[in-house]
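Geometric and topological summary
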Amino acid sequence: MPIPDSANILIVDDLPENLIALEALIRREDRTVHAAGSGDEALSLLLEHEFALAILDVQMPGMNGFELAELMRSTERTRGIPIVFVSAAGRELNHAFKGYEAGAVDFLHKPLDGYAVRSKVAVFVEMYRQRSEMRRQMEALENSRREQQSLLEKLNATQMELERAVKMRDDFMSMVAHELRTPLNTLFLETQLRKMQLERGNAAAFAPDELRKMVGRDDRQIRNMVRLIDDMLDVSRMRSGTLSVRPVQTELSALLRRVVDDLSEQASAAGSLITLDAPQPVDGLWDEFRIEQVIVNLLTNALRYGSGKPVEVSLRPTADGAHIDVRDQGIGISAEDQKRIFRQFERVGGGKSADGLGLGLYITRQLIEAHGGTIRVRSEPGQGAVFSLDLPRAADLANGTA
Ligand code: ADP
(Lines give C-alpha, C1' and ligand atoms only; values in the text may rest on other atoms or scores of the structure.)
Protein backbone atom coordinates (compact mmCIF):
# COMPACT_ATOMS: atom_id res chain seq x y z
CA MET A 1 0.00 0.00 0.00
CA PRO A 2 1.55 3.38 -0.93
CA ILE A 3 2.22 5.58 2.10
CA PRO A 4 0.82 9.12 1.61
CA ASP A 5 3.25 11.95 2.30
CA SER A 6 0.52 13.95 3.96
CA ALA A 7 -0.91 12.57 7.23
CA ASN A 8 -4.71 12.44 7.39
CA ILE A 9 -6.41 13.60 10.59
CA LEU A 10 -10.10 13.03 11.25
CA ILE A 11 -11.98 15.48 13.43
CA VAL A 12 -15.55 14.77 14.45
CA ASP A 13 -17.85 17.26 16.16
CA ASP A 14 -21.54 18.11 15.72
CA LEU A 15 -20.86 21.85 16.01
CA PRO A 16 -19.37 23.40 12.85
CA GLU A 17 -17.72 26.22 14.83
CA ASN A 18 -15.84 23.64 16.93
CA LEU A 19 -14.65 21.90 13.77
CA ILE A 20 -13.42 25.19 12.34
CA ALA A 21 -11.59 26.10 15.54
CA LEU A 22 -9.99 22.68 15.87
CA GLU A 23 -8.95 22.57 12.24
CA ALA A 24 -7.34 26.00 12.57
CA LEU A 25 -5.34 24.70 15.52
CA ILE A 26 -3.97 21.58 13.93
CA ARG A 27 -3.74 22.48 10.25
CA ARG A 28 -0.26 22.21 8.70
CA GLU A 29 1.14 21.81 5.24
CA ASP A 30 1.98 18.14 5.71
CA ARG A 31 -1.41 17.25 7.18
CA THR A 32 -4.85 16.87 5.63
CA VAL A 33 -7.69 17.50 8.04
CA HIS A 34 -11.01 15.75 7.29
CA ALA A 35 -13.95 17.16 9.22
CA ALA A 36 -17.15 15.17 9.97
CA GLY A 37 -20.29 16.59 11.59
CA SER A 38 -21.56 13.21 12.83
CA GLY A 39 -20.54 9.63 13.58
CA ASP A 40 -22.05 8.39 10.33
CA GLU A 41 -20.17 10.94 8.29
CA ALA A 42 -17.00 9.99 10.14
CA LEU A 43 -17.51 6.30 9.33
CA SER A 44 -17.75 6.93 5.62
CA LEU A 45 -14.55 9.04 5.74
CA LEU A 46 -12.85 6.24 7.68
CA LEU A 47 -13.66 3.82 4.88
CA GLU A 48 -12.23 6.18 2.31
CA HIS A 49 -8.90 7.27 3.85
CA GLU A 50 -6.09 6.02 6.01
CA PHE A 51 -5.90 8.15 9.17
CA ALA A 52 -2.99 8.98 11.43
CA LEU A 53 -5.35 10.14 14.19
CA ALA A 54 -9.05 10.65 14.97
CA ILE A 55 -10.19 13.44 17.31
CA LEU A 56 -13.75 12.67 18.46
CA ASP A 57 -16.13 14.89 20.35
CA VAL A 58 -17.66 12.78 23.10
CA GLN A 59 -21.03 14.52 23.34
CA MET A 60 -22.81 14.30 20.01
CA PRO A 61 -26.46 13.69 19.20
CA GLY A 62 -27.06 10.32 17.53
CA MET A 63 -23.83 8.34 17.70
CA ASN A 64 -21.64 9.78 20.43
CA GLY A 65 -17.82 9.73 20.44
CA PHE A 66 -17.52 6.57 22.50
CA GLU A 67 -19.95 4.68 20.30
CA LEU A 68 -18.05 5.76 17.22
CA ALA A 69 -14.78 4.66 18.88
CA GLU A 70 -16.36 1.31 19.69
CA LEU A 71 -17.28 0.81 16.06
CA MET A 72 -13.78 1.80 14.98
CA ARG A 73 -12.24 -0.72 17.33
CA SER A 74 -14.41 -3.50 15.98
CA THR A 75 -13.23 -3.05 12.39
CA GLU A 76 -9.85 -4.32 11.21
CA ARG A 77 -9.23 -1.34 8.95
CA THR A 78 -9.78 1.30 11.64
CA ARG A 79 -8.75 -0.65 14.77
CA GLY A 80 -5.20 0.77 14.91
CA ILE A 81 -6.10 4.46 14.55
CA PRO A 82 -5.21 6.38 17.71
CA ILE A 83 -8.19 8.27 19.20
CA VAL A 84 -8.28 11.51 21.13
CA PHE A 85 -11.62 12.21 22.84
CA VAL A 86 -12.68 15.82 23.36
CA SER A 87 -15.02 16.40 26.23
CA ALA A 88 -16.47 19.29 28.22
CA ALA A 89 -16.87 17.06 31.26
CA GLY A 90 -14.29 16.66 33.99
CA ARG A 91 -11.29 14.38 34.00
CA GLU A 92 -13.29 11.53 35.53
CA LEU A 93 -14.39 10.80 31.97
CA ASN A 94 -10.83 9.72 31.23
CA HIS A 95 -11.78 6.26 32.40
CA ALA A 96 -15.04 6.03 30.55
CA PHE A 97 -13.50 4.37 27.54
CA LYS A 98 -11.72 1.78 29.60
CA GLY A 99 -13.22 -1.20 27.92
CA TYR A 100 -11.72 -0.18 24.62
CA GLU A 101 -8.20 0.67 25.58
CA ALA A 102 -6.59 -1.67 23.11
CA GLY A 103 -4.67 0.99 21.19
CA ALA A 104 -3.70 4.57 21.78
CA VAL A 105 -6.40 6.63 23.46
CA ASP A 106 -6.04 10.10 24.88
CA PHE A 107 -8.22 12.96 26.11
CA LEU A 108 -8.54 16.70 25.56
CA HIS A 109 -10.80 18.96 27.59
CA LYS A 110 -12.91 21.90 26.59
CA PRO A 111 -12.14 24.70 26.41
CA LEU A 112 -9.29 23.49 24.28
CA ASP A 113 -5.79 24.56 25.21
CA GLY A 114 -4.07 25.30 21.87
CA TYR A 115 -0.67 24.20 23.09
CA ALA A 116 -1.96 20.87 24.49
CA VAL A 117 -3.90 20.13 21.29
CA ARG A 118 -0.96 20.88 19.02
CA SER A 119 1.54 18.87 21.03
CA LYS A 120 -0.73 15.81 21.31
CA VAL A 121 -1.48 15.89 17.62
CA ALA A 122 2.23 16.30 16.84
CA VAL A 123 3.09 13.23 18.95
CA PHE A 124 0.47 11.03 17.27
CA VAL A 125 1.33 12.21 13.77
CA GLU A 126 5.01 11.57 14.45
CA MET A 127 4.19 8.08 15.69
CA TYR A 128 2.15 7.48 12.57
CA ARG A 129 4.99 8.63 10.33
CA GLN A 130 7.45 6.37 12.10
CA ARG A 131 5.09 3.41 11.79
CA SER A 132 4.62 4.13 8.10
CA GLU A 133 8.34 4.42 7.55
CA MET A 134 8.92 1.15 9.35
CA ARG A 135 6.27 -0.52 7.25
CA ARG A 136 7.85 0.90 4.12
CA GLN A 137 11.24 -0.46 5.14
CA MET A 138 9.77 -3.85 5.99
CA GLU A 139 8.10 -3.96 2.61
CA ALA A 140 11.34 -2.99 0.84
CA LEU A 141 13.17 -5.67 2.82
CA GLU A 142 10.56 -8.25 1.95
CA ASN A 143 10.69 -7.26 -1.72
CA SER A 144 14.43 -7.54 -1.88
CA ARG A 145 14.24 -10.89 -0.08
CA ARG A 146 11.74 -12.09 -2.65
CA GLU A 147 13.91 -10.78 -5.49
CA GLN A 148 16.91 -12.59 -4.05
CA GLN A 149 14.89 -15.76 -3.73
CA SER A 150 13.74 -15.61 -7.34
CA LEU A 151 17.29 -14.86 -8.53
CA LEU A 152 18.51 -17.83 -6.57
CA GLU A 153 15.86 -20.02 -8.13
CA LYS A 154 16.80 -18.78 -11.60
CA LEU A 155 20.46 -19.42 -10.86
CA ASN A 156 19.68 -22.94 -9.69
CA ALA A 157 17.59 -23.61 -12.78
CA THR A 158 20.36 -22.28 -15.03
CA GLN A 159 22.91 -24.39 -13.26
CA MET A 160 20.77 -27.49 -13.64
CA GLU A 161 20.22 -26.66 -17.30
CA LEU A 162 23.96 -26.22 -17.74
CA GLU A 163 24.74 -29.49 -16.02
CA ARG A 164 22.19 -31.23 -18.19
CA ALA A 165 23.72 -29.66 -21.31
CA VAL A 166 27.22 -30.68 -20.28
CA LYS A 167 26.04 -34.20 -19.53
CA MET A 168 24.19 -34.34 -22.82
CA ARG A 169 27.31 -33.19 -24.66
CA ASP A 170 29.45 -35.78 -22.87
CA ASP A 171 26.94 -38.54 -23.57
CA PHE A 172 26.76 -37.36 -27.14
CA MET A 173 30.53 -37.41 -27.53
CA SER A 174 30.77 -40.93 -26.22
CA MET A 175 27.86 -42.05 -28.38
CA VAL A 176 29.45 -40.49 -31.46
CA ALA A 177 32.79 -42.07 -30.64
CA HIS A 178 31.12 -45.42 -30.17
CA GLU A 179 29.04 -45.16 -33.32
CA LEU A 180 32.02 -44.13 -35.45
CA ARG A 181 34.22 -46.75 -33.91
CA THR A 182 32.04 -49.65 -35.01
CA PRO A 183 32.34 -49.08 -38.80
CA LEU A 184 35.93 -47.89 -38.42
CA ASN A 185 36.85 -51.07 -36.55
CA THR A 186 35.29 -53.17 -39.28
CA LEU A 187 37.19 -51.24 -41.96
CA PHE A 188 40.40 -51.53 -39.98
CA LEU A 189 39.99 -55.29 -39.61
CA GLU A 190 39.26 -55.59 -43.32
CA THR A 191 42.43 -53.72 -44.26
CA GLN A 192 44.49 -55.81 -41.84
CA LEU A 193 43.07 -58.92 -43.41
CA ARG A 194 43.82 -57.69 -46.93
CA LYS A 195 47.37 -56.75 -45.94
CA MET A 196 47.84 -60.25 -44.64
CA GLN A 197 46.42 -61.81 -47.80
CA LEU A 198 48.70 -59.60 -49.92
CA GLU A 199 51.75 -60.54 -47.86
CA ARG A 200 50.86 -64.19 -48.32
CA GLY A 201 50.36 -63.64 -52.05
CA ASN A 202 46.81 -64.99 -51.80
CA ALA A 203 45.44 -63.70 -55.10
CA ALA A 204 42.25 -65.74 -54.73
CA ALA A 205 41.17 -63.40 -51.94
CA PHE A 206 41.11 -60.61 -54.53
CA ALA A 207 39.20 -62.42 -57.26
CA PRO A 208 36.58 -60.17 -58.92
CA ASP A 209 33.72 -61.68 -56.91
CA GLU A 210 35.53 -61.27 -53.60
CA LEU A 211 36.59 -57.79 -54.57
CA ARG A 212 32.99 -56.84 -55.32
CA LYS A 213 31.85 -58.07 -51.90
CA MET A 214 34.73 -56.25 -50.26
CA VAL A 215 33.87 -52.98 -51.96
CA GLY A 216 30.20 -53.48 -51.01
CA ARG A 217 31.14 -53.94 -47.34
CA ASP A 218 33.47 -50.93 -47.37
CA ASP A 219 30.78 -48.88 -49.05
CA ARG A 220 28.23 -49.71 -46.31
CA GLN A 221 30.61 -48.83 -43.49
CA ILE A 222 31.61 -45.58 -45.14
CA ARG A 223 27.97 -44.66 -45.78
CA ASN A 224 27.17 -45.32 -42.13
CA MET A 225 29.89 -42.95 -41.05
CA VAL A 226 28.89 -40.31 -43.57
CA ARG A 227 25.28 -40.54 -42.35
CA LEU A 228 26.34 -40.09 -38.74
CA ILE A 229 28.48 -37.10 -39.55
CA ASP A 230 25.75 -35.57 -41.74
CA ASP A 231 23.23 -35.99 -38.90
CA MET A 232 25.56 -34.27 -36.49
CA LEU A 233 26.14 -31.43 -38.92
CA ASP A 234 22.39 -31.06 -39.49
CA VAL A 235 21.73 -30.88 -35.77
CA SER A 236 24.33 -28.22 -35.26
CA ARG A 237 22.93 -26.25 -38.23
CA MET A 238 19.45 -26.56 -36.77
CA ARG A 239 20.69 -25.28 -33.44
CA SER A 240 22.42 -22.29 -34.98
CA GLY A 241 19.48 -21.68 -37.31
CA THR A 242 21.58 -22.02 -40.45
CA LEU A 243 19.98 -25.12 -41.93
CA SER A 244 18.34 -23.91 -45.08
CA VAL A 245 15.38 -25.39 -46.91
CA ARG A 246 15.30 -24.64 -50.64
CA PRO A 247 11.92 -25.50 -52.15
CA VAL A 248 11.70 -26.27 -55.84
CA GLN A 249 8.91 -27.75 -57.96
CA THR A 250 8.83 -31.39 -56.84
CA GLU A 251 6.69 -34.40 -57.68
CA LEU A 252 6.40 -36.70 -54.69
CA SER A 253 5.33 -40.03 -56.22
CA ALA A 254 8.49 -40.13 -58.37
CA LEU A 255 10.60 -39.11 -55.39
CA LEU A 256 9.09 -41.89 -53.27
CA ARG A 257 9.58 -44.46 -56.05
CA ARG A 258 13.26 -43.52 -56.28
CA VAL A 259 13.81 -43.76 -52.50
CA VAL A 260 12.00 -47.10 -52.27
CA ASP A 261 14.10 -48.47 -55.15
CA ASP A 262 17.31 -47.19 -53.56
CA LEU A 263 16.45 -48.94 -50.31
CA SER A 264 15.32 -52.22 -51.85
CA GLU A 265 18.64 -53.91 -51.20
CA GLN A 266 18.65 -52.75 -47.57
CA ALA A 267 15.05 -53.95 -47.29
CA SER A 268 15.84 -57.44 -48.51
CA ALA A 269 18.82 -57.56 -46.15
CA ALA A 270 16.31 -56.81 -43.35
CA GLY A 271 13.97 -59.47 -44.76
CA SER A 272 11.29 -56.88 -45.53
CA LEU A 273 9.58 -55.79 -48.67
CA ILE A 274 8.75 -52.12 -49.20
CA THR A 275 5.60 -51.44 -51.19
CA LEU A 276 4.60 -48.06 -52.52
CA ASP A 277 1.00 -46.97 -52.96
CA ALA A 278 1.08 -43.69 -54.87
CA PRO A 279 -1.74 -43.80 -57.43
CA GLN A 280 -1.27 -40.25 -58.71
CA PRO A 281 1.40 -37.57 -58.97
CA VAL A 282 1.43 -34.95 -56.21
CA ASP A 283 3.18 -31.73 -57.11
CA GLY A 284 4.30 -28.92 -54.87
CA LEU A 285 7.15 -26.69 -53.77
CA TRP A 286 9.41 -28.70 -51.51
CA ASP A 287 13.12 -29.16 -50.85
CA GLU A 288 13.60 -32.42 -52.70
CA PHE A 289 16.82 -33.35 -50.95
CA ARG A 290 15.35 -32.77 -47.48
CA ILE A 291 12.10 -34.64 -48.17
CA GLU A 292 14.16 -37.54 -49.48
CA GLN A 293 16.20 -37.43 -46.27
CA VAL A 294 12.96 -37.57 -44.23
CA ILE A 295 11.61 -40.58 -46.13
CA VAL A 296 14.96 -42.37 -45.94
CA ASN A 297 14.99 -41.80 -42.15
CA LEU A 298 11.46 -43.13 -41.72
CA LEU A 299 12.04 -46.12 -43.99
CA THR A 300 15.37 -46.99 -42.39
CA ASN A 301 13.63 -47.00 -39.00
CA ALA A 302 10.74 -49.05 -40.39
CA LEU A 303 13.24 -51.63 -41.65
CA ARG A 304 15.28 -51.52 -38.47
CA TYR A 305 12.34 -51.92 -36.10
CA GLY A 306 9.99 -53.66 -38.55
CA SER A 307 10.71 -57.26 -37.47
CA GLY A 308 11.30 -58.30 -41.09
CA LYS A 309 7.64 -57.71 -41.98
CA PRO A 310 6.39 -55.71 -44.98
CA VAL A 311 6.67 -51.95 -44.94
CA GLU A 312 4.16 -49.78 -46.81
CA VAL A 313 4.53 -46.24 -48.06
CA SER A 314 1.45 -44.41 -49.27
CA LEU A 315 0.98 -41.00 -50.83
CA ARG A 316 -2.27 -39.05 -51.26
CA PRO A 317 -2.97 -35.49 -52.34
CA THR A 318 -4.82 -33.38 -49.76
CA ALA A 319 -6.72 -30.11 -50.06
CA ASP A 320 -3.58 -28.11 -49.38
CA GLY A 321 -0.75 -30.49 -50.15
CA ALA A 322 0.30 -34.06 -49.53
CA HIS A 323 -0.18 -36.79 -46.97
CA ILE A 324 2.40 -39.58 -46.65
CA ASP A 325 2.18 -42.65 -44.40
CA VAL A 326 5.09 -44.94 -43.62
CA ARG A 327 3.70 -48.07 -41.99
CA ASP A 328 5.52 -51.04 -40.53
CA GLN A 329 4.35 -54.11 -38.61
CA GLY A 330 7.27 -54.30 -36.21
CA ILE A 331 7.89 -53.86 -32.50
CA GLY A 332 5.85 -50.66 -32.20
CA ILE A 333 6.34 -47.80 -29.74
CA SER A 334 4.64 -47.34 -26.37
CA ALA A 335 2.58 -44.19 -25.76
CA GLU A 336 5.19 -43.03 -23.25
CA ASP A 337 8.04 -43.40 -25.75
CA GLN A 338 6.06 -41.73 -28.53
CA LYS A 339 6.34 -38.49 -26.56
CA ARG A 340 10.13 -38.47 -26.55
CA ILE A 341 11.34 -40.08 -29.76
CA PHE A 342 11.19 -36.77 -31.66
CA ARG A 343 13.59 -35.15 -29.24
CA GLN A 344 17.38 -35.08 -29.60
CA PHE A 345 19.32 -38.15 -28.52
CA GLU A 346 16.16 -39.93 -27.42
CA ARG A 347 16.28 -43.60 -28.10
CA VAL A 348 14.08 -46.32 -26.81
CA GLY A 349 16.14 -48.82 -24.88
CA GLY A 350 16.29 -52.48 -25.79
CA GLY A 351 16.65 -54.37 -29.04
CA LYS A 352 20.15 -55.06 -30.26
CA SER A 353 19.20 -53.82 -33.69
CA ALA A 354 18.82 -50.38 -32.16
CA ASP A 355 21.93 -48.51 -33.18
CA GLY A 356 22.09 -44.83 -34.04
CA LEU A 357 22.33 -41.57 -32.19
CA GLY A 358 18.65 -40.95 -31.63
CA LEU A 359 18.87 -37.97 -33.98
CA GLY A 360 16.95 -39.31 -36.96
CA LEU A 361 13.42 -38.45 -35.86
CA TYR A 362 14.53 -35.16 -34.33
CA ILE A 363 16.02 -34.11 -37.67
CA THR A 364 12.98 -35.48 -39.50
CA ARG A 365 10.57 -33.39 -37.46
CA GLN A 366 12.69 -30.25 -37.80
CA LEU A 367 12.79 -30.70 -41.58
CA ILE A 368 9.04 -31.27 -41.83
CA GLU A 369 8.32 -28.25 -39.64
CA ALA A 370 10.71 -26.16 -41.72
CA HIS A 371 8.35 -26.96 -44.61
CA GLY A 372 5.39 -25.82 -42.51
CA GLY A 373 4.28 -29.44 -42.20
CA THR A 374 3.56 -31.83 -39.35
CA ILE A 375 4.60 -35.34 -38.42
CA ARG A 376 2.89 -37.67 -35.98
CA VAL A 377 3.09 -41.29 -35.01
CA ARG A 378 0.39 -43.85 -34.21
CA SER A 379 1.53 -47.07 -32.66
CA GLU A 380 1.05 -49.70 -30.02
CA PRO A 381 3.76 -51.99 -28.71
CA GLY A 382 3.92 -55.12 -30.85
CA GLN A 383 1.49 -53.70 -33.40
CA GLY A 384 3.87 -51.81 -35.69
CA ALA A 385 3.96 -48.06 -36.22
CA VAL A 386 2.59 -45.52 -38.70
CA PHE A 387 4.45 -42.26 -39.20
CA SER A 388 2.23 -39.71 -40.96
CA LEU A 389 3.42 -36.58 -42.70
CA ASP A 390 1.31 -33.66 -43.81
CA LEU A 391 3.06 -31.24 -46.11
CA PRO A 392 1.47 -28.03 -47.35
CA ARG A 393 1.81 -27.68 -51.12
CA ALA A 394 3.88 -24.52 -51.03
CA ALA A 395 6.38 -24.92 -48.22
CA ASP A 396 5.48 -22.36 -45.60
CA LEU A 397 8.91 -20.99 -45.01
CA ALA A 398 7.98 -18.43 -42.42
CA ASN A 399 11.08 -19.36 -40.48
CA GLY A 400 13.27 -19.60 -43.58
CA THR A 401 15.64 -22.01 -41.93
CA ALA A 402 15.07 -24.94 -39.68
P1 ADP B 1 17.85 -43.82 -33.98
O2 ADP B 1 19.05 -43.24 -34.64
O3 ADP B 1 18.09 -44.33 -32.60
O4 ADP B 1 17.04 -44.72 -34.84
P5 ADP B 1 15.59 -42.04 -34.27
O6 ADP B 1 15.44 -40.64 -33.83
O7 ADP B 1 15.45 -42.33 -35.71
O8 ADP B 1 16.99 -42.52 -33.72
O9 ADP B 1 14.58 -42.92 -33.48
C10 ADP B 1 14.44 -42.76 -32.08
C11 ADP B 1 13.90 -44.01 -31.44
O12 ADP B 1 12.54 -44.20 -31.85
C13 ADP B 1 14.62 -45.26 -31.89
O14 ADP B 1 15.72 -45.51 -31.05
C15 ADP B 1 13.54 -46.31 -31.76
O16 ADP B 1 13.55 -46.83 -30.46
C17 ADP B 1 12.25 -45.57 -31.96
N18 ADP B 1 11.67 -45.81 -33.29
C19 ADP B 1 11.81 -45.04 -34.41
N20 ADP B 1 11.13 -45.54 -35.45
C21 ADP B 1 10.53 -46.65 -35.00
C22 ADP B 1 9.65 -47.65 -35.61
N23 ADP B 1 9.28 -47.55 -36.89
N24 ADP B 1 9.23 -48.65 -34.82
C25 ADP B 1 9.60 -48.75 -33.53
N26 ADP B 1 10.41 -47.86 -32.90
C27 ADP B 1 10.88 -46.83 -33.63
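Residues numbered from 1 in each chain as written. Predicted model: local features only at pLDDT ≥ 70, side-chain atom pairs only at ≥ 80, totals over all residues. Heavy atoms only, no water.

Here we come to the sheet that holds strand β4 (residues 83–87). The strand order across the open sheet formed by 5 strands is β2-β1-β3-β4-β5, and the pairing between neighbours is parallel. Either end of the sheet is taken by a strand with one partner, and the two such strands are β2 (31–36) and β5 (105–109). Taking each pair of neighbouring strands and ignoring which way they run, the sheet shows an average axis angle of 20 degrees. Where strand β1 (residues 7–12) and strand β3 (residues 53–57) come together, 4 bridges link them in parallel fashion. Counterpart to Leu10 in the pairing with β3 is Ala54. Contacting β1 and β2, helix α2 (residues 39–48) crosses the sheet at an angle of about 145 degrees to β2. (Pairing = 2+ DSSP bridges. Helix = DSSP H or I, 4+ residues; strand = E, 2+ residues; numbered from the N terminus. Axes fitted to C-alpha atoms, helices over the stretch in contact; angles between N-to-C directions. Contact = heavy atoms within 4.5 Å.)

This next bit is on the sheet that holds strand β9 (residues 311–318). Read from one edge to the other, the open sheet built from 5 strands follows the order β7-β9-β10-β12-β11, with strand pairing classed as mixed. Only two strands of the sheet have a single partner each, and these edge strands are β7 (274–277) and β11 (374–379). Taken pair by pair, the neighbouring strands of this sheet meet at an average axis angle of 15 degrees, ignoring direction. Pairing of β7 with β9 involves 4 bridges; the strand directions are parallel. Paired with Thr275 across the strands is Glu312, a residue of β9. Contacting β11 and β12 (385–392), helix α10 (residues 360–370) crosses the sheet at an angle of about 135 degrees to β11.

Structurally, Glu190 is set in helix α4 (residues 114–199). Look at Glu190 and you get buried, because its relative accessible area is 12%. Those residues in contact with Glu190, other than ones at most four positions away along the chain, are Met214, Arg217 and Asp218. (Buried < 20%, exposed > 50% of the residue type's maximum accessible area, 1.4 Å probe, protein only.)

Tallied over the entire structure, the rule returns 26 salt bridges. The network of salt bridges with shared partners includes Glu190, Arg194, Arg217 and Asp218. (Salt bridge = Lys/Arg side-chain N within 4 Å of Asp/Glu carboxyl O.)

What follows is about the nonpolar core. Formed by 46 residues in total, the largest nonpolar core has its most connected members in Ile274, Ile295, Leu299, Val313, Ile324 and Phe387. The element best represented in this core is helix α8 (residues 288–304), accounting for 7 residues. Counting contributing residues, this core receives three or more from each of domain 2 (155–240) and domain 3 (248–392). Excluding residues that lie within four positions of it along the chain, Ile324 makes contacts with Leu252, Leu256, Ile295, Val313, Ser314, Leu315, Phe387, Ser388 and Leu389. (Core = buried A, V, L, I, M, F, W, Y, C linked by side-chain atoms within 4.5 Å. Domains from an automatic or database assignment.)

So, about α4. For α4, with 86 residues, the first-to-last C-alpha span of 124 Å sits near the 128 Å given by 1.5 Å per residue. Helix geometry: α4 is bent most strongly at Arg181, by close to 25 degrees, with proline Pro183 lying one to four residues after it. Where α4 begins, the side chain of Asp113 points an oxygen toward the backbone nitrogen of Tyr115, at a separation of 3.1 Å. Positive backbone phi, at 65 degrees, marks Gly201, one or two positions downstream of α4. (Expected span 1.5 Å × (residues − 1). Bend = angle between axes of the 7 residues up to and from the residue. Polar contact = N/O pair within 3.5 Å; in protein donor to acceptor, adjacent residues only side chain to side chain.)

Below, the discussion takes up α2. By the burial criterion, the buried members of α2 are Gly39, Ala42, Leu45 and Leu46. Each buried residue of α2 lies within a common arc of 120 degrees when the element is viewed along its axis, so the set occupies one face. Across from the buried face of α2, at angles greater than 90 degrees, the exposed residues are Asp40, Leu47 and Glu48. (Arc of directions from axis to C-beta.)

All right, on to the pairing of β3 then. Counting buried positions along β3 gives 5 out of 5 residues, so the element sits mostly inside the fold. Alternating residues of β3 divide into Leu53, Ile55 and Asp57 and Ala54 and Leu56, and every residue in both groups is buried. In the sheet, β3 pairs with β4 via 4 bridges, with the strands oriented parallel. Residue Ala54 lies in a different strand from β4, and its bridge partner there is Ile83.

All right, on to the domain arrangement of the chain then. In terms of domain boundaries, the chain breaks down into domain 1 (7–112), domain 2 (155–240) and domain 3 (248–392). Each of domain 2 and domain 3 was reduced to a C-alpha centroid, and the two centroids are 23 Å apart. Of the residues lining the interface, 14 residues belong to domain 2; the matching set on domain 3 comes to 14 residues. Buried surface at the junction of domain 2 and domain 3, summed over both partners, amounts to about 1300 Å²; 66% is from carbon and sulfur atoms. At the surface where domain 2 touches domain 3, the tally comes to 1 salt bridge. Of the charged contacts, one joins Arg290 and Asp234 as a salt bridge, the two residues approaching to 3.2 Å between their closest N and O atoms. Between the two partners, domain 2 and domain 3, sit 2 residue pairs in polar contact (both at pLDDT 80 or more). Taken together, the elements giving at least two residues each to the side of domain 2 that touches domain 3 come down to α4 and α5 (208–240). Ranked by the residues each element gives to the side of domain 2 that touches domain 3, the list is headed by α5, at 9 residues. Within the side of domain 2 that touches domain 3, the residues separate by chemical class into 8 nonpolar, no polar and 6 charged. (Buried area = accessible area lost by both parts, 1.4 Å probe. Nonpolar A, V, L, I, M, F, W, Y, C, P; charged D, E, K, R; others polar.)

Put simply, Lys110 and Pro111 share a cis peptide bond, and its omega is -5 degrees. Even without a glycine there, the phi angle at Ser307 is positive, about 55 degrees. Mapped onto the elements, Ser307 comes out in the loop between α8 and β9. With a relative accessible area of 45%, Ser307 lands in the partly exposed category.

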